[in-house]
Amino acid sequence: MAEQLQRILEECEGRFVSGQVIGRRLGMSRAAVWKQVQGLRRRGFGIEGALGAGYRLLGRPDAIEERELLSLLSHPEFWKAFHFFSVTDSTNSRAVELAGKGAPHGTVVCADAQTAGRGRLGRRWESPPGTNLYLSLLLRPPLDPMQGPRLTLVTAIALAMAVDDVTALRTALKWPNDLYLGGRKTAGILAETAADLDRLRHVVIGIGLNVNADPFSFPEELRDKATSLRFAAGRAFPRATVLARFLDSFAECYSTFLSLGFGALLPEWNRRDVLKGKNVTLRLGEKEVRGNVLGVDESGMLLLRREGESRAEKVASGEILEFER
Ligand code: BTN
């Protein structure tokens, strides 16, 4: 039904068509037409509705097509396979599944929408269709398991560089996995690792980036905490452009990391580090600790001086619960 409605609106090439006419052609009431229109809007179609005039098509969803994406890449050789879903539960789950079936290093899984997008600490990741990027990278790095967490930071740097490039904004990074614009979170990263004793078997790195979402459409508890590129820059961005720029940036950062180590990327982190010099509350396992952040070291660990201590300690993994703005 939605496809038929789309066809009718497209036939009218931007002119209004009344709800009554649409209803007659589809054999449904005007209320049912309105419901179908809402469905198309949720999928990213721009449809204007005007009393007495009906509906007209203003814009189609910002689709990501594999052919277009490949044509935009400067390092297509890095990426070995692409899997696109219009909707899936979680791209991380799909990528873990593919890893189990032997999918190669450099596999990209991308979805237009997720029904069970996962964030860190068991949180949900809002994943409406048509507006944002939800993707997972499957990697098989020649690294020992201790180095796994650094890939989250490498990904955050690659994403920040790509976002800055495309938008001309300056992204801030919050250790270990968040991107901020204007003091609000715009992207998060969730890495899931499988390892043998001395080697990583695979790493799935999930990236959620709010590209064109309207923050007013976020659930209430996120509205003053989250943002999107569109909101921060005041204009929309084609998702394929942002994705291609990120995949290229990742290919470059990953190669630098493998050949020269995380230290070679540290200046990019430091330029954007939102925590350096700030007092924070950090969750370390079951405990909450307060302290002052000195920065991030060459192995990607957070340097923290706990309250009342004179020496800094290195934190390999933890969650920042609060930080000074
Ligand atoms: C965070 O909590 O900040 C991490 C969010 C990671 C969300 C992305 S969206 C694509 C991928 N699939 C998931 O289920 N989660 C990650």
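This structure is a prediction, so every number in the text was calculated from the model and none was measured.

Criteria and thresholds
Residues numbered from 1 in each chain as written. Predicted model: local features only at pLDDT ≥ 70, side-chain atom pairs only at ≥ 80, totals over all residues. Heavy atoms only, no water. Helix = DSSP H or I, 4+ residues; strand = E, 2+ residues; numbered from the N terminus. Rg over C-alpha atoms; globule rule 2.2 N^0.38 Å. Areas by Shrake-Rupley, 256 points an atom, 1.4 Å probe, with all protein chains shown as cover. Lys, Arg positive; Asp, Glu negative; His and termini not counted. Charge placed at Lys NZ, Arg CZ, Asp CG, Glu CD. Domains from an automatic or database assignment. Contact = heavy atoms within 4.5 Å. Buried area = accessible area lost by both parts, 1.4 Å probe. Salt bridge = Lys/Arg side-chain N within 4 Å of Asp/Glu carboxyl O. Polar contact = N/O pair within 3.5 Å; in protein donor to acceptor, adjacent residues only side chain to side chain. Nonpolar A, V, L, I, M, F, W, Y, C, P; charged D, E, K, R; others polar. Pairing = 2+ DSSP bridges. Axes fitted to C-alpha atoms, helices over the stretch in contact; angles between N-to-C directions. Phe/Tyr/Trp six-rings, centres within 6.5 Å; stacked < 30°, edge-to-face > 60°. Buried < 20%, exposed > 50% of the residue type's maximum accessible area, 1.4 Å probe, protein only.

1. Brief notes about the overall build of the protein
Scanning the protein from N- to C-terminus turns up nine helices and 14 strands. Its C-alpha atoms give the protein a radius of gyration of 22 Å, within 12% of the compact-globule value 20 Å for 325 residues. Seen through its C-alpha atoms, the protein measures out along the principal axes to roughly 75 × 45 × 35 Å. Only carbon and sulfur atoms are counted for the fraction: they give 50% of the accessible area of the protein, which is about 15,700 Å². Considering the protein, the positive charge centre built from 45 side chains and the negative charge centre built from 39 side chains are found 4 Å apart.

2. A word on the domain arrangement of the protein
Taken domain by domain, the protein comprises domain 1 (2–59), domain 2 (66–270) and domain 3 (279–323). One C-alpha centre belongs to domain 2, the other to domain 3; they are set 24 Å apart. Across the contact, 13 residues belong to domain 2 and 16 residues belong to domain 3. Of the roughly 1,200 Å² buried between domain 2 and domain 3, counting both surfaces, carbon and sulfur atoms make up 61%. Our enumeration of links across domain 2 and domain 3 arrives at two salt bridges. Residue E319 is joined to R123 by a salt bridge in which the shortest nitrogen-to-oxygen separation is 3.6 Å. Here domain 2 and domain 3 share four residue pairs in polar contact (both at pLDDT 80 or more) between them. Among the elements of the structure, α6 (150–167) and α9 (266–272) are those that each provide at least two residues to the side of domain 2 that touches domain 3. Its residues assigned to classes, the side of domain 2 that touches domain 3 shows eight nonpolar, one polar and four charged.

3. With respect to the sheet that holds strand β11 (residues 287–296)
Taken together, the five strands give an open sheet; going across it, the order is β13-β12-β11-β10-β14, and neighbouring strands pair in antiparallel fashion. Sheet topology places β13 (313–315) and β14 (319–323) at the edges, where each strand pairs with a single neighbour. Across this sheet, the average inter-strand angle for adjacent strands is 50°, counted without regard to direction. Alignment of strand β10 (residues 279–284) against β11, held across six bridges, turns out to be antiparallel. By the bridge assignment, T281 is partnered in β11 with R290.

4. Points about the sheet that holds strand β7 (residues 178–181)
Two pairing modes exist for strands in a sheet, parallel and antiparallel, and in both the strands are linked by backbone hydrogen bonds. Read across the sheet, seven strands follow the order β3-β4-β5-β9-β8-β7-β6 without closing on themselves; strand pairing throughout is mixed. Each having just a single partner strand, β3 (81–88) and β6 (172–174) make up the two edges of the open sheet. On average, each strand axis in the sheet is inclined to that of its neighbour by 20°, with strand direction left out of account. Relative to strand β9 (residues 200–209), strand β5 (residues 133–139) runs antiparallel, the two sharing seven bridges. Bridging from a neighbouring strand, L138 pairs with V204 of β9. Seen against the sheet, α6 touches β6, β7, β8 (184–195) and β9 and runs at an angle of roughly 35° to β9.

5. Things to note about the packing of aromatic side chains
Going through the model one piece at a time under the given rule, you end up with eight aromatic pairs. Consider the rings of F78 and F250, whose centres lie 6.3 Å apart with planes at 70°: the pair is edge-to-face. Residue F78 is located in the loop between α4 (66–72) and β3, and its partner F250 is located in helix α8 (residues 239–260); the two are separated by 172 residues in the primary sequence. Looking at F250, the relative accessible area reads 0%, which means it is buried. Between F250 and Y254, the aromatic rings sit 5.7 Å apart at their centres with planes inclined by 20°, giving stacked as the arrangement. Remark: Y254 and F250 occur in helix α8; sequence separation between them is four residues, near one turn of the helix. Taken together, the aromatic side chains of F78, W79, F246, F250 and Y254 make up a single cluster linked through ring pairs.

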